[in-house]
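Here's the letter readout for the chains.
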Amino acid sequence: MHTSFNKIVHFTRLIKINGRLREFNYRKNNNAGAYVFDVDTADERGNRLFFRLIKEENTWQLTSKLPMPEWITDNRELLITELEEGVLNN
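Residues numbered from 1 in each chain as written. Predicted model: local features only at pLDDT ≥ 70, side-chain atom pairs only at ≥ 80, totals over all residues. Heavy atoms only, no water.

1. Some remarks on the overall build of the protein chain
Consideration 1: Scanning the protein chain from N- to C-terminus turns up two helices and five strands.
Consideration 2: Its C-alpha atoms give the protein chain principal-axis dimensions of roughly 50 × 25 × 20 Å.
Consideration 3: Burial statistics for the protein chain: of 90 residues in total, 33% are counted as buried.
Consideration 4: Contacts spanning at least 24 positions in sequence make up 29% of the contacts within the protein chain whose residues lie at least 6 apart.
Consideration 5: Entry remark: accessible area of the protein chain is about 6,400 Å², with carbon and sulfur atoms responsible for 47%.
Consideration 6: The distance from the centre of the 13 positive side-chain charges to the centre of the 13 negative ones in the protein chain is 5 Å. (Helix = DSSP H or I, 4+ residues; strand = E, 2+ residues; numbered from the N terminus. Buried < 20%, exposed > 50% of the residue type's maximum accessible area, 1.4 Å probe, protein only. Contact = heavy atoms within 4.5 Å. Areas by Shrake-Rupley, 256 points an atom, 1.4 Å probe, with all protein chains shown as cover. Lys, Arg positive; Asp, Glu negative; His and termini not counted. Charge placed at Lys NZ, Arg CZ, Asp CG, Glu CD.)

Given below as structure tokens:
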């Protein structure tokens, strides 16, 4: 009998954006592909914002079903840098 396990990669990063420290939760989505991470954070009112970071052909893409605020889209590179650093440390 052969059993295989997929490691769950999940971590939280505190990132300062526009003078405010924000918490971003990253979780690797093993069902969606090799380099797919679901990310969530909160806006100023405490509403959860969900989006996905997907790596295709060495380029990261930020996708979401809902429009994302500018403070997320403008800091896409910072979010990707924190993602890559979190993967290396976990």
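2. Looking at the pattern of salt bridges
Consideration 1: As enumerated under the stated definition, the model contains six salt bridges in all.
Consideration 2: Between R13 and E85 there is a salt bridge, with the nearest N and O atoms lying 2.7 Å from each other. Remark: E85 occurs in helix α2 (residues 76-89) and R13 occurs in strand β1 (residues 10-17); sequence separation between them is 72 residues.
Consideration 3: A relative accessible area of 16% means that R13 is categorised as buried. (Salt bridge = Lys/Arg side-chain N within 4 Å of Asp/Glu carboxyl O.)

3. Notes on the side chain of R22
Consideration 1: The residue R22 is located in strand β2 (residues 20-28) in this model.
Consideration 2: By relative accessible area, R22 is classed as buried at 6%.
Consideration 3: Of note is the side chain of R22, whose polar atom sits 3.5 Å from the backbone oxygen of A42.
Consideration 4: Once residues lying within four places of it in the same chain are set aside, the contact partners of R22 are R13, L14, I15, I17, T41, A42, D43, E44 and W71. (Polar contact = N/O pair within 3.5 Å; in protein donor to acceptor, adjacent residues only side chain to side chain.)

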